[in-house]
Every structure is written in structure tokens, then in C-alpha cells.
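Structure assessment
The chain contents come next:
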Amino acid sequence: DGQLVAVGQPLVEIVPSATYVVANFKETQIGSMRAGQPVKIDVDAFPGRDLHGKVDSLSAGTGASFSLLPPDNATGNFTKVVQRIPVRIRPVASIDCPGRELRPGMSVVATITTK
């Protein structure tokens, strides 16, 4: 009649009700970024329509550091690779492009004003 649950099998996904954009900036670009700074978001799916937002938060680490299998480059040679830091951006509703039109996986270009 029912299904059995195996160890580690996902049962429920908890999804926040708020819409947000995660932009992966190079670690060399985040030096002057702070929460609350204005952001212009160009969504590839909506050319010519501006979406504005604010920086909500910067991740505590790089995307690779929180992955299930982080890279462990133990080749004996040191190669410096610029890492990416996830930055969460909260869209501010606008008439031109309401945030509810955003969908997971969409491509955007985020420009943060750091002045």
C-alpha cells in the first residue's frame, strides 16, 4: 500500500517563500561589497527590463568549501585559483519586472554599486 523510506532518502524539501538571486563573484571583487548595497540585475529572459535589488548577504565561504566533495588538489604543485563567493541578492519589486517572474537556474548579470 505504501512506500518504504531508505536511509538518506529525501522526504521533504523546505523552500523559502522569498525570491532571491545568488550571484557568484570572484573573491577579488567582494572586498568592498556590503549587505544593503543596491544591485542592478539584468535577466537574460527579460531583455531591456531592469530588475533592482539589494545585497542580502555574502556567504561565509566559497562554493567549493561547502560542496559535498570539496576539491583536494594534492599534486605537489601550487596553483592559485581565484575562488567564487556566493552573494545573495534580494530583488526589490518593480513595475517592469516583478521578482516573482524569476525561476531557478535563470541566467542573470548582477551589477553591485559599491560606492
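Before going into details, it helps to say that this report is about the structure given with it. None of the values given here were measured: they were computed from a predicted structure.

Further remarks concern the pattern of salt bridges. The final tally for this structure, using the stated rule, is 2 salt bridges. A salt bridge links lysine 40 to aspartate 42; its shortest N-O distance comes to 3.1 Å. Since its relative accessible area comes to 33%, lysine 40 is described here as partly exposed. Of the charged contacts, one joins aspartate 56 and arginine 90 as a salt bridge, the two residues approaching to 3.7 Å between their closest N and O atoms. In this pair, aspartate 56 sits in strand β3 (residues 50-58) while arginine 90 sits in strand β4 (residues 84-92), placing the two residues 34 residues apart along the sequence. On the basis of relative accessibility, which here comes to 34%, the residue aspartate 56 falls in the partly exposed class. The class for arginine 90 is partly exposed, based on a relative accessible area of 39%.

Moving on, we come to the packing of aromatic side chains. What the rule picks out here adds up to 0 aromatic pairs. The ring of phenylalanine 46 carries the charged tip of arginine 49 above its face, separated from the ring centre by 5.1 Å.

On to the layout of surface pockets, then. Of the pockets and cavities examined, the largest pocket occupies roughly 390 Å³. In this structure, the largest pocket is lined by 14 residues; those nearest its centre are Thr19, Tyr20, Leu102, Arg103 and Pro104. Of the residues in the lining of the largest pocket, the class split is 10 nonpolar, 3 polar and 1 charged.

A word on a nonpolar patch on the surface. Among the surface-exposed residues, Val5, Leu11, Val12 and Ile14 lie close enough to one another that they form a single nonpolar patch of about 490 Å² accessible area. On the secondary structure map, leucine 11 appears in the segment before β1 (21-26).

Counting residues in each nonpolar core, the largest one holds 17 residues, and the members touching the most others are Phe25, Val39, Ile41, Val87, Ile89 and Ile112. Setting aside residues no more than four positions away along its own chain, phenylalanine 25 makes contact with Ile30, Met33, Gln83, Arg84, Ile85, Val87, Ala110 and Ile112.

Looking now at the environment of methionine 33. Tracing the chain through its elements places methionine 33 in the loop between β1 and β2 (38-43). Residue classification places methionine 33 among the buried positions, given a relative accessible area of 6%. Between the alpha carbons of methionine 33 and leucine 58 there is a distance of 8.3 Å; along the sequence they are 25 residues apart. Beyond its immediate chain neighbours, meaning those up to four positions away, methionine 33 contacts Phe25, Leu58, Val87, Ile112 and Thr114.

As a further point, take the sheet that holds β3. What the 5 strands build is an open sheet, ordered β1-β4-β3-β2-β5; its pairing is antiparallel. On the outer flanks of this sheet lie β1 and β5 (108-112), each paired with one strand and no other. For this sheet, the mean inter-axis angle between neighbouring strands, taken without regard to orientation, is 40°.

Parameters at a glance
The numbering scheme is per chain: residues are counted from 1 as the chain's sequence reads. Local features in a predicted model are, by the rule used here, given only for residues with pLDDT of at least 70; side-chain atom pairs are given and counted only at 80 or more, and totals for whole chains, interfaces and linings are based on all residues. No hydrogens and no water enter the side-chain calculation; it runs on all heavy atoms of the structure. In the sections that follow, a salt bridge refers to a side-chain nitrogen of Lys or Arg positioned within 4 Å of a carboxyl oxygen of Asp or Glu. For every residue, the accessible area (1.4 Å probe, protein chains only) is compared with the maximum for its type, and the residue is labelled buried under 20%, exposed over 50%, or partly exposed between those bounds. We count a stretch as a helix when DSSP gives it H or I for four or more residues in a row; a strand needs E for two or more, and each element gets its number in order from the N terminus. Two aromatic rings, drawn from Phe, Tyr or Trp (for Trp, its six-membered ring), form a pair once their centres lie within 6.5 Å of each other, and the interplanar angle then sorts them: stacked below 30 degrees, edge-to-face above 60, tilted otherwise. The rule for a charge over a ring is simple: NZ of Lys or CZ of Arg within 6 Å of the ring centre, and within 35 degrees of the ring normal. Cavities and pockets are found on a 1 Å grid laid over the protein atoms alone: a cavity is a set of points where a 1.4 Å probe fits but cannot escape, a pocket is an open set with protein on both sides within 12 Å along at least five of seven lines, and a lining residue has an atom within 4 Å of such a point. Grid points are joined across faces, edges and corners, and a volume is the space filled by probe spheres set on the points. For this classification, Asp, Glu, Lys and Arg are treated as charged, while Ala, Val, Leu, Ile, Met, Phe, Trp, Tyr, Cys and Pro are nonpolar and the rest, including Gly, are polar. In this scheme, patches are assembled from residues that exceed 30% relative accessible area and form no salt bridge. Like charges are connected within 9 Å, while nonpolar side chains (Val, Leu, Ile, Met, Phe, Trp, Tyr) are connected within 5 Å. For every accessible area listed, the method is Shrake-Rupley and the probe measures 1.4 Å; residues are considered covered only by the protein chains on display. We define the nonpolar core as a collection of buried residues of types Ala, Val, Leu, Ile, Met, Phe, Trp, Tyr and Cys that are connected through side-chain atoms lying within 4.5 Å of one another. When checking whether two residues touch, look at their non-hydrogen atoms; a contact exists if any pair is within 4.5 Å. In this scheme, strands are said to pair when DSSP sees at least two bridges between them. Every angle, taken between N-to-C directions, lies between 0 and 180 degrees, and every axis is a line fitted to C-alpha atoms, over only the stretch in contact when it is a helix.

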